[in-house]
Amino acid sequence: MECIFCNIRDRKAEAEIVFEDENILAFLDIQPVNYGHTLVITKKHYDNFLTVPKDELDKLIHAVQFIAGAVKRSMNADGFNVISNNGNPAGQSVYHFHFHIIPRFNNDFTIKPRIKTYGSDTMHDYGDQIRSFISKYKDIYNG
Ligand code: AMP
Ligand code: ZN
């Protein structure tokens with residue numbers, strides 16, 4: 001399937017590239033939330049966060065940290081968000097995994113989801129559900 005970020009990597013589509021090395025590419029988002037909003041991708045195509053192999057993820061997160069510092073300082077930002085959207089309900093629209101780096105300025109905007117409340121016993125139940133998956137699959141984590 002056609003992938004816009006693979007096309008940018010292959011120079012078949014234009015982008016304002018700000019960083020490139022053997023494994024990583026970073027370019028400006030064409031619909032910036034703030035100016036300097038940058039996307040960081042692995043050159044290899046992976047659909048989402050869960051399918052990126054560990055060695056690739058290590059390189060990616062290292063690049064994200066470096067580029068986030070550059071974006072913050074060069075934009076004179078007061079802070080920044082590092083975000084990844086995974087799956088349609090989370091707002092993913094390009095299925096080539098990427099991190100967003102969004103420079104943030106004091107009082108620029110607020111994103112306020114409606115907060116849920118745990119009942120006294122339900123918090124433990126949710127914890128149990130997650131812990132049971134973690135104990136079942138911890139061999140994957142430990143390699
Ligand atoms: P997401 O919704 O997290 O999948 O983010 C995809 C992002 O890619 C959106 O913020 C888009 O504005 C951005 N985007 C889509 N096409 C391009 C493109 N050709 N060049 C730069 N950014 C793009
Ligand atoms: Zn791709």
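Relevant structure appears above.
In this report, we go over the structure that sits alongside the text.

Here is what the cut-offs are and how they apply
Residues numbered from 1 in each chain as written. Chains lettered and ligands numbered in written order. Predicted model: local features only at pLDDT ≥ 70, side-chain atom pairs only at ≥ 80, totals over all residues. Heavy atoms only, no water. Near = heavy atom within 4 Å. Polar contact = N/O pair within 3.5 Å; in protein donor to acceptor, adjacent residues only side chain to side chain. Areas by Shrake-Rupley, 256 points an atom, 1.4 Å probe, with all protein chains shown as cover. Helix = DSSP H or I, 4+ residues; strand = E, 2+ residues; numbered from the N terminus. Nonpolar A, V, L, I, M, F, W, Y, C, P; charged D, E, K, R; others polar. Core = buried A, V, L, I, M, F, W, Y, C linked by side-chain atoms within 4.5 Å. Buried < 20%, exposed > 50% of the residue type's maximum accessible area, 1.4 Å probe, protein only. Contact = heavy atoms within 4.5 Å. Expected span 1.5 Å × (residues − 1). Phe/Tyr/Trp six-rings, centres within 6.5 Å; stacked < 30°, edge-to-face > 60°. Lys NZ or Arg CZ within 6 Å of the ring centre and 35° of its normal. Patch = residues over 30% accessible without salt bridge, like charges linked within 9 Å, V, L, I, M, F, W, Y side chains within 5 Å. Salt bridge = Lys/Arg side-chain N within 4 Å of Asp/Glu carboxyl O. Pairing = 2+ DSSP bridges. Axes fitted to C-alpha atoms, helices over the stretch in contact; angles between N-to-C directions.

As a matter of local geometry, ligand 1 sits amid 16 residues, with D29, N85, G91, S93 and H100 nearest to it. Between ligand 1 and N85 there is a distance of 2.8 Å, counted from an oxygen atom to a side-chain nitrogen or oxygen. For ligand 1, the protein covers 86% of the area, taking 510 Å² as the surface of the free molecule. When residues of the shell around ligand 1 are traced back to their parent elements, those giving at least two are helix 1 (4-9), strand 2 (24-28) and strand 5 (98-104). For the shell around ligand 1, the element with the highest residue contribution is helix 1, accounting for three residues. Here the residues of the shell around ligand 1 are counted per class, giving eight nonpolar, seven polar and one charged.

This part covers the nonpolar core. By size, the foremost hydrophobic cluster in this structure holds 14 residues, and its most contacted members are V40, L60, V64, I67 and I101. Elements with a contribution of two residues or more to this core: strand 2, helix 2 (54-74) and strand 5. Residue contributions to this core peak at six residues, all from helix 2. In this view, L60 contacts I24, V40, I41, T42, F97 and F99; residues no more than four positions away in its chain are not counted. The next biggest cluster of nonpolar side chains, apart from the first, holds 10 residues, and it includes C3, F5, I8 and A13.

Quick look at helix 2 now. Between the first and last C-alpha of helix 2 there are 30 Å, a value that for 21 residues agrees with the 30 Å anticipated at 1.5 Å per step. Listed as buried for helix 2 are E56, L60, A63, V64, I67, A68, G69 and V71. Where helix 2 is buried, its residues touch strand 1 (17-20), strand 2, strand 3 (38-42), strand 4 (79-83) and strand 5. Phi for N76, located one or two positions after helix 2, is positive at around 55°.

What follows deals with the packing of aromatic side chains. For any pair of aromatic rings, the description consists of the separation of the ring centres together with the inter-plane angle of the planes. In the structure shown here, the tally under the stated rule is seven aromatic pairs. Note on F5 and F27: the rings are 5.2 Å apart at their centroids and 75° apart in plane angle, and the pair reads as edge-to-face. You can see F5 sitting in helix 1 and its partner F27 sitting in strand 2, a full 22 residues away along the chain. Judged by relative accessible area, which is 7%, F5 ranks as buried. Seen from the ring of F109, R104 lies directly overhead, with NZ or CZ sitting 3.7 Å from the centre.

On the surface, a cluster of nonpolar side chains totalling about 370 Å² of accessible area is made up of Y118, M123 and Y126. Its place among the elements puts Y126 in helix 3 (residues 122-142).

Next up on the list: the sheet that holds strand 5. If you walk across this open sheet you meet the five strands as 1-2-3-5-4, and the pairing is antiparallel. Both outer strands of the open sheet, strand 1 and strand 4, are each paired with one neighbouring strand and no more. Each neighbouring strand pair of the sheet contributes to a mean axis angle of 20°, computed without reference to strand direction. In the sheet, strand 2 pairs with strand 3 via five bridges, with the strands oriented antiparallel. When the sheet's bridge partners are listed, L28 is paired in strand 3 with T38. Across the sheet, helix 2 touches strand 1, strand 2, strand 3, strand 4 and strand 5, and the angle it forms with strand 3 is around 160°.

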